[in-house]
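# Survey of secondary and tertiary structure
Here are the chains, one letter per residue:
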4 protein chains.
Amino acid sequence: MNWRPAFSDIAHLGHVEVLTPSIAESLRFFTELVGLFEVGREGNSVFLRAWGEYQLFSLQLTESNTTGLGHVAFRAKDNETLAALVKNLESRGITGNWIAGGFGHGPAFRFRSPDGHFIEIYFETERYAAPPYLTTGFKNQPQRRGINGIGPRRLDHINLLSSDVKACRTFYQEFLGLRLTEQIIFDDGSEKGAWLSATNKSYDLALTLDHAGGHGRLHHVTYFVDSREDVLRAADILVEGGIKVETGPHKHNIGQTFFLYFFEPGGNRFELGSGGYLILDPEWKPIQWNEADRAKGQAWGLKTIESFHTYGMPPIEKP
Amino acid sequence: MNWRPAFSDIAHLGHVEVLTPSIAESLRFFTELVGLFEVGREGNSVFLRAWGEYQLFSLQLTESNTTGLGHVAFRAKDNETLAALVKNLESRGITGNWIAGGFGHGPAFRFRSPDGHFIEIYFETERYAAPPYLTTGFKNQPQRRGINGIGPRRLDHINLLSSDVKACRTFYQEFLGLRLTEQIIFDDGSEKGAWLSATNKSYDLALTLDHAGGHGRLHHVTYFVDSREDVLRAADILVEGGIKVETGPHKHNIGQTFFLYFFEPGGNRFELGSGGYLILDPEWKPIQWNEADRAKGQAWGLKTIESFHTYGMPPIEKP
Amino acid sequence: MNWRPAFSDIAHLGHVEVLTPSIAESLRFFTELVGLFEVGREGNSVFLRAWGEYQLFSLQLTESNTTGLGHVAFRAKDNETLAALVKNLESRGITGNWIAGGFGHGPAFRFRSPDGHFIEIYFETERYAAPPYLTTGFKNQPQRRGINGIGPRRLDHINLLSSDVKACRTFYQEFLGLRLTEQIIFDDGSEKGAWLSATNKSYDLALTLDHAGGHGRLHHVTYFVDSREDVLRAADILVEGGIKVETGPHKHNIGQTFFLYFFEPGGNRFELGSGGYLILDPEWKPIQWNEADRAKGQAWGLKTIESFHTYGMPPIEKP
Amino acid sequence: MNWRPAFSDIAHLGHVEVLTPSIAESLRFFTELVGLFEVGREGNSVFLRAWGEYQLFSLQLTESNTTGLGHVAFRAKDNETLAALVKNLESRGITGNWIAGGFGHGPAFRFRSPDGHFIEIYFETERYAAPPYLTTGFKNQPQRRGINGIGPRRLDHINLLSSDVKACRTFYQEFLGLRLTEQIIFDDGSEKGAWLSATNKSYDLALTLDHAGGHGRLHHVTYFVDSREDVLRAADILVEGGIKVETGPHKHNIGQTFFLYFFEPGGNRFELGSGGYLILDPEWKPIQWNEADRAKGQAWGLKTIESFHTYGMPPIEKP
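Residues numbered from 1 in each chain as written. Chains lettered and ligands numbered in written order. Predicted model: local features only at pLDDT ≥ 70, side-chain atom pairs only at ≥ 80, totals over all residues. Heavy atoms only, no water.

This paragraph deals with the interface of chain A and chain C. Taken together, the 20 residues of chain A in the interface contact 19 residues of chain C. Across the chain A to chain C interface the summed buried area is about 1,700 Å²; carbon plus sulfur atoms make up 53%. Where chain A meets chain C, there are two salt bridges. Across the pair A:Asp236 and C:Arg145 runs a salt bridge, and its minimum N-O distance is 3.1 Å. Between chain A and chain C we count 14 residue pairs in polar contact (both at pLDDT 80 or more) in total. Examining the composition of the side of chain A that touches chain C, we find that seven residues originate from one element, helix H4 (residues 228-240) of chain A, more than from any other. Among the residues forming the side of chain A that touches chain C, the class breakdown is five nonpolar, seven polar and eight charged. (Contact = heavy atoms within 4.5 Å. Buried area = accessible area lost by both parts, 1.4 Å probe. Salt bridge = Lys/Arg side-chain N within 4 Å of Asp/Glu carboxyl O. Polar contact = N/O pair within 3.5 Å; in protein donor to acceptor, adjacent residues only side chain to side chain. Helix = DSSP H or I, 4+ residues; strand = E, 2+ residues; numbered from the N terminus. Nonpolar A, V, L, I, M, F, W, Y, C, P; charged D, E, K, R; others polar.)

This part is about the sheet that holds strand S14 (residues 245-251) of chain D. Residue and element names in this part refer to chain D. What the nine strands build is an open sheet, ordered S14-S15-S16-S13-S9-S12-S11-S10-S17; its pairing is mixed. Of all the strands in the sheet, just S14 and strand S17 (287-289) have a single pairing partner and so form its edges. Taken pair by pair, the neighbouring strands of this sheet meet at an average axis angle of 20°, ignoring direction. (Pairing = 2+ DSSP bridges. Axes fitted to C-alpha atoms, helices over the stretch in contact; angles between N-to-C directions.)

All right, on to the pattern of salt bridges then. Scanning all chains against the criterion turns up 76 salt bridges over all chains. The shortest N-O distance in the salt bridge between A:Glu283 and B:Arg75 comes to 2.5 Å. Here A:Glu283 is found in the loop between strand S16 (269-275) and strand S17 (287-289), whereas its partner B:Arg75 is found in strand S5 (residues 68-76) on a different chain. With relative accessibility at 30%, the residue A:Glu283 sits in the partly exposed group. (Buried < 20%, exposed > 50% of the residue type's maximum accessible area, 1.4 Å probe, protein only.)

Remark: H4(A) packs on helix H4 (residues 228-240) of chain D, axes separated minimally by 10 Å, with the N-to-C direction vectors making an angle of 110°. Judged by the angle between their axes, H4(A) and H4(D) are roughly perpendicular. Between H4(A), through A:Arg228, A:Glu229, A:Leu232 and A:Arg233, and H4(D), the contact on the second element is made entirely by D:Arg228, D:Glu229, D:Leu232 and D:Arg233. Tallied by class, the residues present in the contact of H4(A) with H4(D) amount to two nonpolar, no polar and six charged. (Parallel < 35°, antiparallel > 145°, perpendicular 65-115°, else oblique.)

Our focus in this paragraph is the side chain of D:Asn268. All names here are of chain D. Positionally, Asn 268 belongs in the loop between strand S15 (257-263) and strand S16 (269-275). Side-chain polar atoms of Asn 268 contact the backbone nitrogen of Gly 68, separated by 2.9 Å. Within polar-contact distance, the side chain of Asn 268 engages the side chain of Glu 264 at 2.8 Å. With sequence-adjacent residues up to four places away left out, Asn 268 is seen in contact with Val 18, Leu 19, Thr 20, Thr 67, Gly 68, Leu 218, Phe 262, Phe 263 and Met 313.

As a further point, take the sheet that holds strand S15 (residues 257-263) of chain C. Strand pairing within a sheet occurs via backbone hydrogen bonds; the two strands may be parallel or antiparallel. All names here are of chain C. The strand order S14-S15-S16-S13-S9-S12-S11-S10-S17 describes an open sheet built from nine strands, whose pairing is mixed. Edge positions in the sheet fall to strand S14 (245-251) and strand S17 (287-289), since each of these pairs with one other strand and no more. Mean inter-strand twist for the sheet, computed between neighbouring axes without regard to direction, equals 20°. In this fold helix H4 (residues 228-240) packs onto S14, S15 and strand S16 (269-275), with an angle of close to 15° to the strand it touches most, S15.

Superposition record for chain A on chain C: RMSD 0.0 Å, screw rotation 180°, translation along axis 0.0 Å. The two molecules are tied by a two-fold rotation axis, judged by turn and shift. The position closest to the rotation axis in chain A is occupied by the C-alpha of A:Asn148, lying 2.0 Å away. Most of the interface of chain A is mirrored in chain C, where 95% of its interface residues are also at the interface. (Least-squares fit on C-alpha atoms with pLDDT ≥ 70 in both.)

This part is about the interface of chain C and chain D. Between chain C and chain D, the residue contacts involve 55 residues of the former and 55 residues of the latter. Of the roughly 4,600 Å² buried at the junction of chain C and chain D (both faces included), carbon and sulfur atoms supply 52%. At the junction of chain C with chain D, the criterion picks out ten salt bridges. If you list the elements that add at least two residues to the side of chain C that touches chain D, you get strand S1 (10-20), strand S5 (68-76), helix H2 (79-91), helix H3 (165-176), strand S10 (179-185) and S17 of chain C.

All names here are of chain A. Within the element layout of this structure, Tyr 128 appears in the loop between strand S8 (118-122) and strand S9 (154-162). Tyr 128 sits 101 residues away from Glu 229 along the chain, and the two C-alpha atoms are 28 Å apart. If we ignore the near neighbours within four places in the chain, the residues touching Tyr 128 are Val 39, Arg 49, Glu 53, Tyr 54, Gln 55, Leu 56, Leu 134, Pro 142 and Gln 143.

Here we come to the confidence of the model for chain A. Residues and elements named next belong to chain A. When pLDDT is averaged along chain A, the result is 95; 97% of the residues meet or exceed 70. The low-confidence segment residues 1-6 (pLDDT under 50) makes 16 contacts with residues lying over four places distant or belonging to another chain. Note on the complex model: pTM 0.97, ipTM 0.95. (pLDDT = per-residue confidence, 0-100.)

Moving on, we come to the packing of aromatic side chains. A complete count under the given rule lists 64 aromatic pairs over all chains for this structure. The interplanar angle of 65° and the centroid separation of 5.8 Å between the aromatic rings of C:Phe29 and C:Phe262 together place this pair among those described as edge-to-face. You can see C:Phe29 sitting in helix H1 (residues 23-33) and its partner C:Phe262 sitting in strand S15, a full 233 residues away along the chain. Assigned by exposure class, C:Phe29 and C:Phe262 land together as buried. One cation-aromatic arrangement involves A:Arg154 over A:Phe224; the distance from NZ or CZ to the ring centre is 4.3 Å. Here B:Arg49 stacks its cationic end above the ring of B:Tyr128, 3.6 Å away from the centre of that ring. (Phe/Tyr/Trp six-rings, centres within 6.5 Å; stacked < 30°, edge-to-face > 60°. Lys NZ or Arg CZ within 6 Å of the ring centre and 35° of its normal.)

Shown next, in the form of structure tokens:
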């Protein structure tokens, strides 16, 4: 199943479940400082949305004894495509199971990526209906803009650590039809990172090498704000709110996005991003960054911070 | 031929040919104040590009005794799709002719829209190769960022005046596979405007009613700048450069884009835009704006300026 | 040779008392949408501050049966200057009275301007001490940045309607030592507006002609936000919050400030502003704008809105 | 009681002379990439201005066999103050000499600071008169906004390395009447940096410790751009133009300014800055940052780069 040039079988990244050992602090952080909206609770989970999202939610916080990824869900472009994707997975020996329907969406097929991350694909979804105090006259907007805290517009992408970047990105290309847009390949031919897209955005999924040799770990989840000024404003909000900024704000070479990384109170790395470029060319050739490129640091010279290579979620147990 | 949910048969808006009775002044304006780059001349035409575009050019300025649209070109997603599009057009009685290949692109099929605009569809294209003094270390960027003048990143969309908006937008939906994203429908059921997209952008083509009853006329061509600050900076550059701002900067309700309209020295209306939202939902339902919505003005209350409804290119001859 | 503490005899605009017939709605608006902080109540008044202000408060909202200015207060550069200012006022026949000390500040001399506005001048002031949940590690900032709503940094200026602009501005020049920086003078020699400064900012006080022939009326009060992006974000917040934007965002010719005007729920006009230029030249000559200049509209062509000339606070009773 | 023209005895930082061993490259850089305007040449010097400056020039580039400061000039608030300043300097044993008048300004008194930097103070100055192609309808602006390259509005401040920060800052307080606004004092009581102001800006002059034990050396010269977006845009322009960014963009704790440091082709460190806060309080107490504060890095955590402490102009000869 080759990538079909008018975009993938996946419409977009749907939502992310993140585990947190400090759910009360995480929840307070995401609602008060980040400005996400709580839309429901179920079991050990709380569901949150950003103001610009048409779906009910994008972030599921789940109480746990550790950090890391619960699962990541992609929305297929329609039910027929969903069925075809599942058939293809199963025909290639990838087993999974159908979940009857979760909070905010319909039937989902759940399976594990080559690196062990839990992946769900689904099509039927619940659209957000704003309560009266959050309705807006801007008819193309699902609800009133968030006015408290950072106020991101939407979930943007996820970065998954991978023990074998090449094998993993090939999997997402072949089984979800994602398009490879940029990659890091070192002089010895080893692939250190891959960026894939289901849309005109330059990436919706990033895969970066797990230097610690872990499996199924999370690198970060990113929310999008409308302007670089919003990222700068967020930096003040985070620092004054007692949240540790890991690195940034600065501009990525890859994707040209303006970034800010930090750790939410539970210990998971999140990013706020803005800017970047759209890919319009149906014949786009993946951009390759080499070892020398990476040695120069980010777009304006900021060196990649050490913890970026060493800290993943969940942590790897020392023997 | 219904719209197929994984995006259209068209990859994106390709380029626009604009007629000008003052080509020297227009050219100086677009290169010195707007900051486009000249990439070639042929016959009565000069070809220009914005720094972020992968194709050779996006604007063809053609000397003429009037203003208005020469033609607008869309890039099909591949050669098979191009052939299928042409076959479908011809099977429905829409005639056109193949052009062997123009400046910067391969074979194109040229035909007229229901309103008489000249349309071209093509697939093969020439990629821009930057001269040494314009190369960049940012590998995902076709050339060095423009540093003089306004410096837009890329062509964004075109707005064509139409004597029958509904008929025209149905044509673009059926024959180019564009997706209808927003529209203006008045209380009497008449359709005053339609916005269509070939990408995740909320529109690549707009159709608005020609109140003067003209045919084949242009409303405006829009270039995209990276930030709203860039639009504000552009407003100063235009005013100090002696260019008349028609309206803005302000925010559109439709598309949520931040806009600035002005007339280039030849008399054609251009827009600079930034912001807006991406459409990720494969089941997107067109947003409908009614008469009361429109009476409120733009997003923050600015009334639509009279000339917006009366001034089109070319002008209609008074009898 | 020690540093002399002030530019003019006035250090800066201190605070503004605004009357509102809807104090509950006004208060909710200023705290929830604007993001000012309530710091106290006394009598019919509530006191509010912006996060960047070293003084306790800058806005006093007072319940009333009308809109308009309660009083405006300027901080003198020291106690000796305050005494000298009062002596000069009294020696020239301007009577007033000492107020023992109000909420947040020490003794103030209260008098009426030539147009009847109540003015107070004071020196001793109460500095804001942030409660634990609003302290900040940014030592040069009085409290944590406001993260909810619009979040202005500080009070910027006030615009008072005047029945005789020339007489009034001369008064502020002669009795408070303010510097005239810009003015509007029509072809018949009549002065339509004057902008005066106590600082390097291009104005702290504006006087504009009361076309309705009122006395002692308010045109608007302005808060400063850090960026033009903040003004644009505010426009969304206001519109979605049901607040009428009167005009803007746009750029003033005078002062080069980026502006947005709206009416708070009580009916008083407020402005959010950003940008502008600093005056460093000790020999600055007032900039004169004439009738033709004004006919061109604001910096990018926006016409001055009719209500700008007709709506003042309090309204003038129709006979 | 007339307006007294200045804050301190100094109105503002006037201009800076910078030595460069590569004047052709430096000049090309400042005119083409930074977007300063050349206004004259004299001897080995070229004079440059930013578009928002009322004076003729702010930067004098002088060909030399080394880098570093030629001299820094401050404009006194009037001729009487200038005379008083000189008298005070001489009465305290500080000798200097009157220069009859230089390019763009009248008589200046030239002397050396305690650390050996050449300082000039002057009052009479030449105002810039724009040539026809650079005139503007914005009457409060000396010329048309620069539209090429980075386009800073004005010179902002200078940072001088000092072997004894306390002695030096006391000198500028006592002899030029500057106000101490912020300072770095380590746990052992040693003063590592001092920020002084002649205006409502939080600083016009910074003094930081010369760790290499040099004398009379330059740390950097800063130009101001209108927005943080302009700083980010500048970062791209510099990097793509082959200019090394030393550190940033990021936000200073001190002054709250958004910064970007780089080396011009001659080897001198320059900064682009925006934002910051105004000091309105006439009783402002200097903010003290201690060793622990500094260990936290800049506002959002960026560590101060090593070269910031080791690289000064001119370089110190190794014995």
